[in-house]
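What the coordinates show
Each chain is listed here by its residues.
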There are 2 protein chains.
Amino acid sequence: MVEPITAVALAGIPEARAGDDPAELIAAAMPTGRPLARDVVVVAHKLISKAEGRTRRLSEIVPGGRARELAGRLGKDPRHVQAVLDETREVRRAQRGVLISVTHHGFVCANAGVDASNSPDGDTLILLPVDPDASARRLRDGLRARLGVAPAVVVTDSFGRAWRTGQCDVAIGCAGLRPLEDWRGLADARGRELRATVIAVADELAAAADLARAKDAMQPVVLVGGAGRHVTEADGPGVGALLRDASQDLFR
Amino acid sequence: MVEPITAVALAGIPEARAGDDPAELIAAAMPTGRPLARDVVVVAHKLISKAEGRTRRLSEIVPGGRARELAGRLGKDPRHVQAVLDETREVRRAQRGVLISVTHHGFVCANAGVDASNSPDGDTLILLPVDPDASARRLRDGLRARLGVAPAVVVTDSFGRAWRTGQCDVAIGCAGLRPLEDWRGLADARGRELRATVIAVADELAAAADLARAKDAMQPVVLVGGAGRHVTEADGPGVGALLRDASQDLFR
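The rules we used
In every chain, residue numbers begin from 1 and rise along the written sequence. Here the convention is simple: chains get letters from A, ligands get numbers from 1, in the order in which they are written. Where local features are concerned, this predicted model is filtered to residues with pLDDT of at least 70; where side-chain atom pairs are given and counted, the filter is 80 or more; whole-chain, interface and lining totals use all residues. Hydrogens and waters are ignored; side-chain quantities use all the structure's heavy atoms. The criterion for strand pairing is that DSSP finds at least two bridges linking the strands in question. The numbering of helices and of strands both runs from the N terminus, where a helix is a DSSP run of H or I of at least 4 residues and a strand a run of E of at least 2. For helices, the fitted axis covers only the stretch in contact; all axes are lines through C-alpha atoms, and the angles between them, taken along N-to-C directions, range from 0 to 180 degrees. Two residues qualify as a contact provided that any one of their heavy atoms is within 4.5 Å of a heavy atom in the partner residue. Oblique is the label for any angle not covered by the other classes, which are roughly parallel (under 35 degrees), roughly antiparallel (over 145) and roughly perpendicular (65 to 115). Note on convention: near helix rotated counterclockwise from far helix by under a right angle means a left-handed crossing. Clockwise means right-handed. Nonpolar residues are Ala, Val, Leu, Ile, Met, Phe, Trp, Tyr, Cys and Pro. Charged residues are Asp, Glu, Lys and Arg, and all others, Gly as well, are polar. How far each domain reaches was decided by an automatic or database domain assignment. A quick way to say it: buried area is the sum, across both parts, of accessible area lost when two parts are put together, with a 1.4 Å probe. Only protein chains enter the accessibility calculation, which uses a 1.4 Å probe; a residue is then buried when its area is under 20% of its type maximum, exposed when over 50%, and partly exposed in between. Every residue carries a pLDDT, the predictor's confidence in it, which falls somewhere between 0 and 100. Any carboxyl oxygen of Asp or Glu within 4 Å of a side-chain nitrogen of Lys or Arg constitutes a salt bridge here.

**Some remarks on the sheet that holds strand β6 (residues 108-110) of chain B**
Residues and elements named next belong to chain B. Reading across from one edge, β4-β5-β6 is the order of the 3 strands in this open sheet, with antiparallel pairing throughout. Pairing within the sheet leaves two strands with one partner each, and these edge strands are β4 (88-95) and β6. When strand polarity is set aside, the average angle formed by the axes of neighbouring strands in this sheet is 25 degrees. Examined bridge by bridge, strand β5 (residues 98-103) and β6 share 3 bridges and lie antiparallel to one another. Bridge assignment links V102 to a residue of β6, and that residue is V108. Helix-sheet contacts for helix α3 (residues 65-74) involve β4 and β5, and the interaxial angle to β4 is about 25 degrees. Strands in contact with helix α4 (residues 78-86) are β4 and β5; relative to β4, the strand with the most contacts, it is inclined by about 135 degrees.

**Here we look at the packing of helix α1 (residues 22-29) of chain B against helix α5 (residues 132-147) of chain B**
Residue and element names in this part refer to chain B. Taken N-terminus to C-terminus, the directions of α1 and α5 make an angle of 50 degrees; their axes are 9 Å apart at the nearest point. It follows from the interaxial angle that α1 and α5 lie oblique. Seen from above, α1 lies across α5 with right-handed handedness. Facing α1, whose interface residues are P22, A23, E24, I26 and A27, α5 presents L139, G142, L143, R146 and L147. Among the residues forming the contact of α1 with α5, the class breakdown is 7 nonpolar, 1 polar and 2 charged.

**Considering the sheet that holds strand β5 (residues 98-103) of chain A**
Residue and element names in this part refer to chain A. In spatial order, the strands read β4-β5-β6; together these 3 strands make up an open sheet with antiparallel pairing. Among the strands making up the open sheet, the edge pair consists of β4 (88-95) and β6 (108-110). Put simply, the sheet's adjacent strands are angled 25 degrees from each other on average, direction ignored. Sitting on the sheet, helix α3 (residues 65-74) is in contact with β4 and β5, with an inclination near 25 degrees to β4. Contacts from helix α4 (residues 78-86) reach β4 and β5, with the element oriented near 135 degrees to β4.

**Details of the domain arrangement of chain A**
All names here are of chain A. The domain boundaries assigned to chain A delineate domain 1 (6-53 + 128-242) and domain 2 (55-125). Placing a centre on the C-alpha atoms of domain 1 and another on those of domain 2 gives a separation of 26 Å. Of the roughly 1,000 Å² buried between domain 1 and domain 2, counting both surfaces, carbon and sulfur atoms make up 56%. Summed over the three residues of domain 1 that lose the most area to domain 2, namely K46, L128 and F159, the buried surface amounts to 46% of that side. Among the residues making up the side of domain 1 that touches domain 2, the classes are represented as 7 nonpolar, 1 polar and 5 charged.

**Concerning α4(A)**
Here α4(A) has its buried residues at A:H80, A:V81, A:Q82, A:A83, A:V84 and A:L85. Against the buried residues of α4(A) lie β3 (55-57), α3, β4, β5 and β7 (124-126) of chain A.

**Focus on the side chain of B:E181**
Residue and element names in this part refer to chain B. Position of E181 among the secondary structure elements: in strand β10 (residues 181-182). You can call E181 buried: its relative accessible area is 15%. If we ignore the near neighbours within four places in the chain, the residues touching E181 are T197, V198, I199, V201, R229 and H230.

**Overview of the pairing of strand β12 (residues 221-225) of chain A**
Residues and elements named next belong to chain A. The element β12 is extensively covered by neighbouring structure, given that 5 of its 5 residues are classed as buried. Relative to β12, strand β1 (residues 5-9) runs antiparallel, the two being bridged by 4 bridges. By the bridge assignment, A9 is partnered in β12 with V222. Of the strand pairs in this sheet, strand β2 (residues 40-44) and β12 are connected by 4 bridges, and their pairing is antiparallel. Residue V42 lies in a different strand from β12, and its bridge partner there is V222.

**What to know about the pairing of β2(A)**
Residues and elements named next belong to chain A. Across the 5 residues of β2, 5 count as buried, placing the element largely inside the fold. Side chains V40, V42 and A44 of β2 all project onto a buried face; the interleaved residues V41 and V43 project onto the opposite face, where all are buried too. Where β2 lies against strand β8 (residues 152-160), 5 bridges are found, and the strand directions are parallel. Of the residues in β8, the one forming a bridge with V40 is A152.

**Regarding the confidence of the model for chain A**
As a note on interpretation, predicted positions should not be read in detail where pLDDT is low. Of the residues in chain A, 92% reach a pLDDT of 70 or more, and the chain-wide mean stands at 91. With pTM at 0.95, the complex prediction returns an ipTM value of 0.94.

**So, the pattern of salt bridges**
Across all of its chains, the model carries 40 salt bridges over all chains by this definition. Salt-bridge contacts for A:D21 lead to A:R146; the nearest nitrogen and oxygen are separated by 3.2 Å. Separated by 125 residues along the polypeptide, A:D21 in the loop between β1 and α1 (22-29) and A:R146 in helix α5 (residues 132-147) bring together distant segments of the chain. With relative accessibility at 31%, the residue A:D21 sits in the partly exposed group. Between A:R161 and B:D203 there is a salt bridge, and its shortest N-O distance comes to 2.7 Å. Taken as a pair, A:R161 in the loop between β8 and β9 (167-175) and B:D203 in helix α6 (residues 201-211) lie in two separate chains rather than in one. By the burial criterion, A:R161 is buried, and B:D203 matches it. Among the ionic contacts, a cluster of salt bridges with common partners joins A:D21, A:E24 and A:R146.

Structure below.
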């Protein structure tokens, strides 16, 4: 028996500033009686990034030659492109106004996750956290310290996908969660083997949470209930398990 | 204000047989007072495929030369490979026991969605519906006729992804749903433009629903509440909108 899933956006979370403690902001917004230890707190990375000071001022960036060349070709601000390059391990594509990057973490996404939307002014770029798994662990520790309960934590971003249009929220960091549910070798309801059935639970949680908030409202945090079978006492492996080794990737 | 999302698997749905009416099976399993017109009924395609007779007996398939060649290389049953080829417009990869196909619908997935797990016996292969959008529309019509309410319908399968390990459920058909939520050009909470923000709502609904069921239980149907802002009176465009034109695909 699987429980119903619930996802509710927390109201009243103020915009994070550098130095803020995400656990403090989130704990203050928790509904009465929550979180349960089996809950999952799903946080849009921008809250974390702002609190961690992972922002840059466009006006302070001096673009180098490669950034200027790419920016000219893409019709972008060379300072923005420099910020993207600084977060990029490998440029996969540079076309139609978009850089597709492999970030230093190993994520494949547009503009290395460097974003100017949802910034408090026109001059701020928001970067991905340096180590989103570590951010998730810190937030989990902070919630445990403040509330006496340690729900799982998932940090998310919206990524475009190969083959399919539109973005889905995916996990870029997690703690206290088994990010993959591995059914290989287990029998299905009819007793037959299930093959190649490894479910990206962390990404499905990110997607479910995204449905519960509007992009034009300040609702970076969604509390997901009913997914307790994926929550672990240990912080666990983080999202590294979700990164497909290029040599194993048949889907590109 | 966005509503909380709820996702609950319907209990007591029997295994579908060829000729069954999915609307009848699902209507009989609905909780009292549901569905609401703003609900989304998310159905694993296997229920639909079985009801539509989209199955084949391995023992009746005579593999051709290409199937035998690929099967030898991949260590697969040549009859299974023939079934995959019959559902395939283009083979993208044939490696490590997996064919990555572009299906006749335009989906990119392993083995063209042809599946032997969850089959009632060892001899049955389950194919994707011929036209999953049409299946979704028929199911919606059937629910309207039986229950007087026409919730949105999403038909799903579990797909692997480029770059990331694990499978996520995605939409392969839908009716009564705006599959993409387009925020481009709309202002965010701070009044700035949101850029390149098109949310694949249909896929996020598929993912959320998958969390509410166990793969080893017969729970092909999940009722999702709280996503009514994406539900439309008209059946709408279906999942065609989710297929990225190869020339526009920078993410591969």
